[in-house]
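One-letter residues, chain by chain:
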Amino acid sequence: ETGVTQTPRHLVMGMTNKKSLKCEQHLGHNAMYWYKQSAKKPLELMFVYNFKEQTENNSVPSRFSPECPNSSHLFLHLHTLQPEDSALYLCASSQVGGGTDTQYFGPGTRLTVL
Amino acid sequence: AQKVTQAQTEISVVEKEDVTLDCVYETRDTTYYLFWYKQPPSGELVFLIRRNSFDEQNEISGRYSWNFQKSTSSFNFTITASQVVDSAVYFCALSEDVGTGTASKLTFGTGTRLQVTL
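Residues numbered from 1 in each chain as written. Chains lettered and ligands numbered in written order. Predicted model: local features only at pLDDT ≥ 70, side-chain atom pairs only at ≥ 80, totals over all residues. Heavy atoms only, no water.

Draft legend 1. Looking closely at the nonpolar core. In terms of nonpolar packing, the biggest core is built from 23 residues, with B:W36, B:F77, B:Y90 and B:L114 touching the most fellow members. Excluding residues within four positions of it along the chain, B:L114 makes contact with B:I11, B:V13, B:V19, B:I79, B:D86, B:S87, B:A88 and B:Y90. (Core = buried A, V, L, I, M, F, W, Y, C linked by side-chain atoms within 4.5 Å. Buried < 20%, exposed > 50% of the residue type's maximum accessible area, 1.4 Å probe, protein only. Contact = heavy atoms within 4.5 Å.)

Draft legend 2. Expanded view of the interface of chain B and chain A. Residue-level contacts link 26 residues of chain B with 25 residues of chain A. When the two sides are added together, the surface that chain B and chain A hide from each other amounts to roughly 1,900 Å², 54% of it contributed by carbon and sulfur. By the criterion of area lost to chain A, the three top residues of chain B are B:A103, B:S104 and B:F108, representing 23% of everything that side buries. Here chain B and chain A share one salt bridge between them. A salt bridge links A:E56 to B:K105; the nearest nitrogen and oxygen atoms lie 3.4 Å apart. Put simply, chain B and chain A have eight residue pairs in polar contact (both at pLDDT 80 or more) between them. Contributing elements (two or more residues each) for the side of chain B that touches chain A: β5 (32-39), β6 (46-52), β10 (88-96) and β11 (106-108) of chain B. Tallying contributions element by element places β5(B) first for the side of chain B that touches chain A, with four residues. Each residue belonging to the side of chain B that touches chain A can be placed in one class, and the counts come to 10 nonpolar, 11 polar and five charged. (Buried area = accessible area lost by both parts, 1.4 Å probe. Salt bridge = Lys/Arg side-chain N within 4 Å of Asp/Glu carboxyl O. Polar contact = N/O pair within 3.5 Å; in protein donor to acceptor, adjacent residues only side chain to side chain. Helix = DSSP H or I, 4+ residues; strand = E, 2+ residues; numbered from the N terminus. Nonpolar A, V, L, I, M, F, W, Y, C, P; charged D, E, K, R; others polar.)

Draft legend 3. Main features of the side chain of A:D101. Assignment of secondary structure puts A:D101 in the loop between β9 (87-94) and β10 (104-105). This buried residue, A:D101, is left without a salt bridge; B:R50 holds the nearest opposite charge, at 6.7 Å. Only 2.4 Å separates the side chain of A:D101 from the side chain of A:S94, close enough to count as a polar contact. Within the structure, A:D101 has its side chain in polar contact with the side chain of B:S104 (distance 3.1 Å). If we ignore the near neighbours within four places in the chain, the residues touching A:D101 are A:Y33, A:S94, A:Q95, A:V96, B:F35, B:R50, B:T102, B:A103 and B:S104. (Lys, Arg positive; Asp, Glu negative; His and termini not counted.)

Draft legend 4. Here's a closer look at the sheet that holds strand β8 (residues 73-79) of chain A. Residue and element names in this part refer to chain A. What the four strands build is an open sheet, ordered β1-β3-β8-β7; its pairing is antiparallel. The open sheet has two edge strands with one neighbour each: β1 (4-7) and β7 (64-70). Looking at each pair of strands side by side, their axes are set apart by 20° on average, direction ignored. Here seven bridges tie strand β3 (residues 18-25) to β8, and the two strands are oriented antiparallel to one another. Its bridge partner lying in β8, C23 is registered against L74. (Pairing = 2+ DSSP bridges. Axes fitted to C-alpha atoms, helices over the stretch in contact; angles between N-to-C directions.)

Draft legend 5. Just the environment of B:V84, in detail. Residues and elements named next belong to chain B. Turning to its location among the elements, V84 is positioned in the loop between β9 (74-79) and β10. Taking the relative accessible area as the measure of exposure, V84 reaches 35% and is therefore partly exposed. For the pair formed by V84 and T72, sequence separation is 12 residues and the distance between their alpha carbons is 31 Å. Apart from the residues lying within four places of it in its own chain, the contact partners of V84 are E15, V116, T117 and L118.

Draft legend 6. Summary view of the pairing of β5(B). Residue and element names in this part refer to chain B. Buried residues dominate β5, accounting for eight of its eight residues. Alternating residues of β5 divide into Y32, L34, W36 and K38 and Y33, F35, Y37 and Q39, and every residue in both groups is buried. Pairing between β5 and β10: eight bridges, direction antiparallel. Residue pairing across strands places Q39 opposite V89, the latter belonging to β10. Of the strand pairs in this sheet, β5 and β6 are connected by six bridges, and their pairing is antiparallel. Counterpart to F35 in the pairing with β6 is R50. Between the end of β5 and the start of β6, which pair antiparallel, lie six residues, with G43 showing a positive phi angle near 105°.

Draft legend 7. Region of the structure containing the packing of aromatic side chains. In this structure the tally under the stated criterion is 20 aromatic pairs over all chains. Ring centres of B:W36 and B:F77 lie 5.3 Å apart, and the angle between their planes is 50°; this geometry places the pair in the tilted category. Of this pair, B:W36 sits in strand β5 while B:F77 sits in strand β9; the two residues are 41 residues apart in sequence, bridging distant segments of the chain. Given the relative accessible area of 0%, B:W36 is considered buried. Measuring from centroid to centroid gives 5.1 Å for B:Y64 and B:F77, while their planes differ by 90°, and the two rings are edge-to-face. One end of the pair, B:Y64, is in strand β8 (residues 64-69); the other, B:F77, is in strand β9, and 13 residues separate them in sequence. B:F77 matches B:Y64 in its accessibility class, with the two residues each being buried. In textbook terms, an aromatic cluster arises when at least three aromatic residues are bridged by ring pairs, as seen for A:Y33, A:Y35, A:Y104, A:F105, B:F35, B:Y37, B:F47, B:F91 and B:F108. (Phe/Tyr/Trp six-rings, centres within 6.5 Å; stacked < 30°, edge-to-face > 60°.)

Okay, here's the thing in C-alpha cells:
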C-alpha cells in the first residue's frame, strides 16, 4: 500500500449504529487530519493530530470520536449519528516541519446515515 | 481570518480548449502558502502545487500553469489543451505560516467543477 488509505470506502448506517472509519498513512508522516466534505460546502476540518496528540477539535459534536494510536493510524468512531452527518469523510497526513506542510489525502469514506 | 474564494462553480469546455480556474484569497499574514488540489470522481484530493507568498514566479508543469499575483491576491490555474481526464473538482487552499512543529491548517475554497467533453 502506498499513500493514504481509508476503509471502508462506503458505509451505510442507521442512527443507532456504532461504526468506525479507519485511515492509514504509508508516507512516514507525523500529523493526521479528518475532514468532512458535504455537498456544496467547503471542506471542513474536524480534527488534527500532531505526533499522536490531538491539537485541533473544530467544534465537532461528541458523536464523532477520533483516536490516533500511533502516527500511522487514525480512526473516527461514530455513534448515534444524524442524517445530516452523511458526507464524504477524508483523511489526510503531512510531515510537520517549518513554515507549513503539504497535506496528502486518502480516497475518503462516503457515509450515508439513514 | 483567512478566506479563499473560487467564484466559478462549474465550467464546461470542449477538449483541447484552454481553461483558467480563478482563486482569490484573503489573509492578514505576510507569510502564507497557497495550494491547488484536484478531486476526480473517485473522491481523493490530489495535490497539484504549493507556493509560498515570497515566490511570485509563475510555474508551468506540462499542460498546467499557475499565475500568482500578490497585488490582486490571486492564484489562478490554467489548463492548456484540456482533456477529458481533466474533468474533476479543483480546490484552491490557503495556509498560514504555522512555524516549526505545528501542523498546518488549510482553508479551502468551495471548488470549481470542470467538465471537459469531446
